[in-house]
Amino acid sequence: MSKIPKGLTDKDMFQNYVEEVTLEDTFIKAEKVAEQKRRERAGIEPPAQLGKAGFTPELTEELGKALLQLKMELFRGGIQKYSFKIKREGENIVLVPKYKKNQ
């Protein structure tokens, strides 16, 4: 039996220690990976109504980005209270912001 040296720091005591991977660790890691994948799938699916209308996750994201850009432009222009009016012009669907000019 060897003597344990005195005055070692925690880092020195665990210098050559390698933790063994247990079955429990493997299952925990697999559960975390599965949970992350589930969250990713749930986060990119469009709302049910948009999905029924044929919107893919990519289209939903593109629409969200365009609306955010419009919101930022309105905010820079001093417009904070607004709503949207939806119009159909032939094959195009147009989203027009409605707001009061004197806020």
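Up top is the structure.
Bear in mind the structure is a predicted one, so any value in this text is a computation, not a measurement.

The rules behind these values
Residues numbered from 1 in each chain as written. Predicted model: local features only at pLDDT ≥ 70, side-chain atom pairs only at ≥ 80, totals over all residues. Heavy atoms only, no water. 1 Å grid on protein atoms, 1.4 Å probe; cavity = no way out; pocket = protein on both sides within 12 Å on 5 of 7 lines; lining within 4 Å. Points joined across faces, edges and corners; volume = space filled by probe spheres on them. Helix = DSSP H or I, 4+ residues; strand = E, 2+ residues; numbered from the N terminus. Pairing = 2+ DSSP bridges. Phe/Tyr/Trp six-rings, centres within 6.5 Å; stacked < 30°, edge-to-face > 60°. Buried < 20%, exposed > 50% of the residue type's maximum accessible area, 1.4 Å probe, protein only.

Caption draft 1: Broad picture of the layout of surface pockets. One number sums up the size of the largest pocket: a volume of about 250 Å³. In this structure, the largest pocket is lined by Phe55, Leu63, Ala66, Leu67, Leu70, Ile86, Ile93, Val94 and Leu95. Secondary-structure elements contributing two or more residues to the lining of the largest pocket are helix H4 (57–76) and strand S2 (92–99). The element best represented in the lining of the largest pocket is H4, accounting for 4 residues.

Caption draft 2: Up close: the pairing of strand S1 (residues 82–89). In this sheet, S2 lies alongside S1 in antiparallel orientation, the contact comprising 8 bridges. Following the sheet pairing, Lys85 is matched in S2 by Val96. Counted along the chain from S1 to the antiparallel partner S2, the turn is 2 residues long, and its residue Gly90 has a positive phi close to 65°.

Caption draft 3: Summary view of the packing of aromatic side chains. Enumeration over the complete set of coordinates arrives at 2 aromatic pairs. With 5.9 Å between their ring centres and 80° between their planes, Phe14 and Tyr17 make a pair best called edge-to-face. Residue class for Phe14 comes out exposed when judged on its relative accessible area of 53%. Plain terms: the ring middles of Tyr82 and Phe84 are 5.6 Å apart, the flat faces sit at 80° to each other, and that makes the pair edge-to-face. Residue Phe84 is classed as partly exposed on the basis of its relative accessible area of 37%.

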